[in-house]
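# Understanding the architecture of this molecule
Below are the chains, spelled out letter by letter.
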Amino acid sequence: MEDTRGNYCLGCKTSSYQNPKLKFLVNACGHRLCDGCIKAMFVRPTAPCPQCGTILKRNEFRDHLFDNADVEKEIDIRKKILKVYNKQEHDFKFATDYDDYLEEIETIIYNLTNGINVDETKAKVERYKKDNQALIARNRSKLNVEQERITNMVKEQLKEIEIKRERQLLEEKEELRKRKSDKEALLDDLTYADVSVDKVLANYKKTQAQQFNKKNVLNMNTNEKVVFITTGNKEEIYTYIPIKEDNVGPKAPSIGDILRDKYVKNVHVAEELKGGGFLPTIACSRAIQEAFSCLLD
Amino acid sequence: LIGYGSSSLWTVVKSYHFRKVSKMYHTSTQRKYWTFRDEKEISQRKNALYADFFKELEDKNTSRIVELPTVEELDQLCIFYEFELLDLCKRFDPPMPITTIATAIVYMKRFYLVNSMMDYHPCDIMLACVYLATKVDEYNISIDKFLTMVPEKDKERAKSRILGFELLVMEKLKFHLTIHCPYRPVEGLLIGIRTIIPESVSKIDELKSNINNFLAKVLHSQALLIYPPSQIALAAMIEAGQNAGLDLLEQYLKQHVMRDISADKYIQLVKKLKDIQDMCHRSPSRINLNKKAKIEEKVRIYRNENHNPDSHAYKRLRDEEEKIFEQRQAEKRTRLARDKKQRESKLLR
């Protein structure tokens, strides 16, 4: 919820708003420190954190991912614990046992993050380590295998994309070259062949068209389907029906009549009203319409 | 000069729930609800309005010092106040447009077609009508500025009166607030005449002044409640033309406007125009102050005190109403409290 404007380094109190290039690093306690402060503070290999006083080691700094110090702290602790508590689901006979195991891990992490029974918990972890050394080592190697497999898959996918791209480039080059050679062939034909000029040109055009179609067919197969969107319900198209009113009087001249018969010459509209769009024809038309309304009532 | 800065252009008012109609006279509420067949119908309605009231008074006491006012006298009083309205509006600065004034007068006419003058006195209603008309016609003026133009000594009283009666007037007018006046049709006809009959261009000023006189006179008659504004405008035009020496009836109307219309419809229209002109000549004039005082005295004696905001009867009525209202509220409160107690006791049990 903090925005980056408020990201302060806890050593020198400069914010990333003031200096956008500021790089923060975090340590075991989760508190951010900027590059400069780290260099200044860690002349010796260890130094206390300016915020909470825990002893930090110089080579334990890493890039910060989250703004919240507690979260960073927890990430660190979690990584360490999971290196030790690394049993997998298939190591357990019953699902409930696996759940209990997971809950134990979470409790340990929570305790260590929030400083509850720290010594006890650390002792517990040590004991577990000693007891299950063999199991831990085996699982670790298994994890490594799993990770390797994933990284290999990712590498292969990247390779495939590369290959595709190169192929496309080659194709384009090939096409350009072909076109060039076709043109040259055409020129040669025009100069040396015994067939007439028109025939040569017609031939050329035909071959070009064929190639073009072939390319389009290929493209069409790879293109996505074009979807035509239609509205389900068939509504009636709106047709404009002009309003018919009976003014119970003789027919008033229309705007066209007014202009043609020069009624409008006898109308003067003030300059200010012209600005509002009140044309003389409108005023004229209105007055005459009112003069004829209900004349025969 | 035609300035159409005000209310919307001839636009089509389209709404998805109602028919599509335009804001013109042939689709207006004026045509639908407030146009009557002739003067006889109007006077019949007025008589019906006062019939019960006068009958009651007649039955009450046979001997009285002052006579009851007749319907004609009340009409004359109303017309007097219309003239007062005109004088009031002429005092406004910037000058109030004629459409606003006409709107106010039509409001008054309509109001006293559905309400008795014994219930609501014209001097209050007149102010409320003018204020309402300024709002409707977009001649916006604040109530305080409005009161500076009004010759009332007690401004506070006038203010409360106007604002109090404004809603009442709207309600009695059934909220039909758009009035179609003959002024724009007159403009239209003038444009037509100048285009079709070139000789009229030189006589335009004379025509205009005659038309204005005609319309000012016809405003006080019943014409705006009976005839469409286009016909009134045409009648004004034709008479003005006659006075200026142009036979507009023949040249413009018959040969140009009505050239595609059947002959009998033309004859009907000409007859109507004649009637309007006749009505204008008979248009009532302002009665003198003596007469007005007499009528007002009669009105003061016999008015329905329940509606007069100054009277004791009115105050008493309002107090009674409030008392009843308070009583009902108190009853409601006790009832609610009792119900609540019952519910709570049930829960506790």
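Preceding this paragraph is the structure being described.
Heads up: these notes are all about the structure in this document.

Attention now goes to the overall build of chain A. Across its full length, chain A carries nine helices and five strands. In chain A, the order of α-helices and β-strands from amino to carboxyl end is β-β-α-β-β-β-α-α-α-α-α-α-α-α. Counting over 297 residues, chain A shows a buried share of 27%. At a minimum sequence separation of 6, the contacts of chain A that also span at least 24 residues come to 48%. Counting every atom, chain A has about 23000 Å² of accessible surface; 55% of that belongs to carbon and sulfur.

Below, the discussion takes up the interface of chain A and chain B. Taken together, the contact between chain A and chain B spans 31 residues of the former and 40 residues of the latter. Where chain A abuts chain B, roughly 3300 Å² becomes buried across the two surfaces, and 63% of that area is made up of carbon and sulfur atoms. Where chain A touches chain B, the interface holds two salt bridges. For E290(A), the salt bridge goes to R184(B), with nearest N and O atoms at 3.0 Å. At the junction of chain A and chain B, the tally comes to ten residue pairs in polar contact (both at pLDDT 80 or more). Per-element accounting of the side of chain A that touches chain B gives the leading share, eleven residues, to helix 9 (residues 280-292) of chain A. Along the lines of polarity and charge, the residues of the side of chain A that touches chain B split into 18 nonpolar, six polar and seven charged.

Once that is clear, we can look at the nonpolar core. In terms of nonpolar packing, the biggest core is built from 118 residues, with L85(B), L215(B) and L253(B) touching the most fellow members. Sequence-distant contacts of L215(B), that is, excluding residues within four places in its chain, are made with P182(B), Y183(B), V186(B), I232(B) and A236(B). Counting 15 residues, the second-largest nonpolar core is a separate cluster that includes L25(A), L33(A), C34(A) and A47(A).

This part is about helix 5 (residues 122-136) of chain B. Given 3.6 residues to a turn, an α-helix orients residues that are three or four positions apart in the same direction. All names here are of chain B. In this model helix 5 runs 20 Å from its N-terminal to its C-terminal C-alpha over 15 residues, within 8% of the 21 Å that 1.5 Å per residue would give. Judged by how many residues are buried, helix 5 sits mostly within the fold: twelve of 15 residues are covered. For helix 5, the set of buried residues is P122, D124, I125, M126, L127, A128, C129, V130, Y131, L132, A133 and T134. Structurally, helix 5 contributes buried residues whose contacts are with helix 3 (71-90), helix 4 (98-114), helix 6 (143-149) and helix 7 (155-172). Count one or two residues on from helix 5 and you reach E138, which has phi positive near 65°.

Rules behind the numbers
Residues numbered from 1 in each chain as written. Chains lettered and ligands numbered in written order. Predicted model: local features only at pLDDT ≥ 70, side-chain atom pairs only at ≥ 80, totals over all residues. Heavy atoms only, no water. Helix = DSSP H or I, 4+ residues; strand = E, 2+ residues; numbered from the N terminus. Buried < 20%, exposed > 50% of the residue type's maximum accessible area, 1.4 Å probe, protein only. Contact = heavy atoms within 4.5 Å. Areas by Shrake-Rupley, 256 points an atom, 1.4 Å probe, with all protein chains shown as cover. Buried area = accessible area lost by both parts, 1.4 Å probe. Salt bridge = Lys/Arg side-chain N within 4 Å of Asp/Glu carboxyl O. Polar contact = N/O pair within 3.5 Å; in protein donor to acceptor, adjacent residues only side chain to side chain. Nonpolar A, V, L, I, M, F, W, Y, C, P; charged D, E, K, R; others polar. Core = buried A, V, L, I, M, F, W, Y, C linked by side-chain atoms within 4.5 Å. Expected span 1.5 Å × (residues − 1).

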